[in-house]
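# Examining the three-dimensional arrangement
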Amino acid sequence: MRERHPDEAHRAATPLELFFDLCFVVGIAQAGRQLTHALAEGHAGHGITGYLMLFFAIWWAWVNFSWFSSAYDTDDTLYRIVTLVQIAGVLILAAGVPRAFNDNQFAVVWFGYLVMRVAMVSQWLRAAHGGRGEERRTALRYALGVSLCQVGWLALLFLPATGRPWVFLVMAVLEMSVPAFAERNRRTAWHPHHIAERYGLFTIIVLGETISAATVAVQSALDEHDELGALLPIAAGGLLLVFAAYWIYFAVPIHLHLHSRRQAFAWGYGHYLVYGSAAAVGAGIEVAVEESVGKAELSTPAASACVTVPAALFLFSVWLIHSRHQKRGPAQQLVLPLAAVLILACTFAGHLAVLAAGLVGSAAVAVGVTLTTRQGTALTE
């Protein structure tokens, strides 16, 4: 196993990587479904805490594989087999999400991580075997760091339930410190354009899961209650929000920004907020649908906040780690932060809150396109 060149021409995601990403939809759907149930039943604190913890577990497993594959994807027989083992671990993790969320039983989630980590460590050891000098030491430090963190997660199985969120927080920090520890003397050969494409494809998958969850919720409500008048504004607003999220994320060529390890790590880690908020929008739309037909145990503003808060967080986090690096001038820089504030204000628009938020998202796209077009015209004159 040899490193791939970070400037390799025409580097693109492989079918195996796309298959790997697609399997993560199962885990994302499970986490979103549990969040929906908790919010609809009025257990916001438990729901949000559990969602943040389990979504981190899903997202971080994807991050581990994606950055490794960008540097070392040989796509040979052994590499494919080990990747398929990792996929099996993802599916085990997804199967354990409901039990971990509702009963604080993390044994299945931990075992799924163990399967993924055994495969991941074997990949790093293979990379170390094929490397020399500092490249080999970097791969060995990754193998050591990942192994120690997996042992640390055992605390979730033995500590009282009240201490598990703190264990999760500590272990999350340690997990995200492993790359800095491993690459302190030498950067792995990840490919900027390939990484940007991989993150973009995963964004599409998360947004697709959001649309799927919202569609099922609307369909179920129609079948049971036939309340088209109440559901139509939510469906239209939710669709506009997802369309706006897609447009905003892919409006800039972010690979041009990923020149250094520091820039890339800040951008890559920040996607926890991007992905987590995008998936939470789908759960929020489900809650808004259930509230509109009288099935949720919370007020209309609270149900609306389940959509507007993650939508605003998505816009702001995309601007913070992604879009602002390509924006020029205060007008362009202010579009997304201002839109995030306006979407939060839509929380108090009653049953039209989701539609209003969708219109604000669409307006942000229109203003952004107009400003970019004007700038391009001015530069050509």
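Refer to the structure printed above.
Everything in this summary refers to the structure shown in the same document. Because the structure is a prediction, the values reported are computed rather than measured. (Residues numbered from 1 in each chain as written. Predicted model: local features only at pLDDT ≥ 70, side-chain atom pairs only at ≥ 80, totals over all residues. Heavy atoms only, no water.)

## Some thoughts on a nonpolar patch on the surface
A contiguous nonpolar surface patch, about 470 Å² in accessible area, is contributed by I204, Y246, W247, F250 and V369. Relative to the assigned elements, V369 resides in helix α13 (residues 353–380). The class of V369 is partly exposed, set by a relative accessible area of 34%. (Patch = residues over 30% accessible without salt bridge, like charges linked within 9 Å, V, L, I, M, F, W, Y side chains within 5 Å. Areas by Shrake-Rupley, 256 points an atom, 1.4 Å probe, with all protein chains shown as cover. Salt bridge = Lys/Arg side-chain N within 4 Å of Asp/Glu carboxyl O. Helix = DSSP H or I, 4+ residues; strand = E, 2+ residues; numbered from the N terminus. Buried < 20%, exposed > 50% of the residue type's maximum accessible area, 1.4 Å probe, protein only.)

## Digging into the packing of aromatic side chains
According to the stated counting rule, one finds 31 aromatic pairs in the structure shown. Considering the side-chain rings of F316 and W319, the 5.5 Å spacing of their centres and the 40° angle between planes classify their relative orientation as tilted. Pair noted here: F316 and W319 are both in helix α11 (residues 300–321), with a separation of 3 residues, about one helical turn. For F316, a relative accessible area of 36% gives the class partly exposed. Stacked on the ring of W190, the Lys or Arg R187 has its end atom at 3.8 Å from the ring centre. (Phe/Tyr/Trp six-rings, centres within 6.5 Å; stacked < 30°, edge-to-face > 60°. Lys NZ or Arg CZ within 6 Å of the ring centre and 35° of its normal.)

## Structural notes on the packing of helix α1 (residues 15–40) against helix α10 (residues 261–292)
Remark: α1 packs on α10, axes separated minimally by 9 Å, with the N-to-C direction vectors making an angle of 40°. Judged on the interaxial angle alone, α10 and α1 are oblique. Every pair of crossing elements has a handedness; the one defined by α1 and α10 is right-handed. Contacts from I28, G32, L35, T36, L39 and A40 in α1 reach A279, A280, A283, E286, V287 and E290 in α10. Each residue belonging to the contact of α1 with α10 can be placed in one class, and the counts come to 8 nonpolar, 2 polar and 2 charged. (Axes fitted to C-alpha atoms, helices over the stretch in contact; angles between N-to-C directions. Parallel < 35°, antiparallel > 145°, perpendicular 65-115°, else oblique. Left-handed = near helix turned anticlockwise from the far one by under 90°. Contact = heavy atoms within 4.5 Å. Nonpolar A, V, L, I, M, F, W, Y, C, P; charged D, E, K, R; others polar.)

## So, the nonpolar core
Formed by 117 residues in total, the largest nonpolar core has its most connected members in W124, Y199 and Y275. Excluding anything up to four places from it in sequence, Y199 contacts W62, V63, W67, Y249, W267, G268, H271 and Y275. (Core = buried A, V, L, I, M, F, W, Y, C linked by side-chain atoms within 4.5 Å.)

## What to know about the pattern of salt bridges
Scanning all chains against the criterion turns up 9 salt bridges. Between D75 and R80 there is a salt bridge whose closest N-O contact spans 3.0 Å. Since its relative accessible area comes to 44%, R80 is described here as partly exposed. Salt-bridge contacts for R117 lead to E175; the nearest nitrogen and oxygen are separated by 2.8 Å. Residue R117 is found in helix α4 (residues 107–130), and its partner E175 is found in helix α7 (residues 164–182); the two are separated by 58 residues along the sequence. Residue R117 shares its accessibility class with E175, and that shared class is buried.

## Let's talk about the packing of α1 against helix α2 (residues 44–72)
Close contact between α1 and α2 brings their axes to 8 Å; oriented N to C, the two are set at 175°. Classified by the angle between their axes, α1 and α2 sit roughly antiparallel to one another. Taken together, the residues of α2 that come into contact with α1 (itself represented by E17, F20, D21, F24, G27, I28, A31, G32, L35, A38 and L39) are A44, G47, I48, Y51, F55, I58, A61, W62, F65 and S69. Among the residues forming the contact of α1 with α2, the class breakdown is 15 nonpolar, 4 polar and 2 charged.

## As for unusual backbone geometry
Phi angles above zero are rare outside glycine, and D75 is one such case at about 55°. Among the secondary structure elements, D75 is positioned in the loop between α2 and α3 (77–103). One non-glycine residue, N104, lies in the positive phi region at around 60°.

## Remarks on the side chain of E209
By the element assignment, E209 lies in helix α8 (residues 192–225). Residues within four places of E209 in sequence aside, it is in contact with V25, I28 and A29.

## So, the side chain of R117
R117 gets classed as buried once you look at its relative accessible area, which sits at 4%. Excluding anything up to four places from it in sequence, R117 contacts W60, N64, V146, C149, Q150, W153 and E175.

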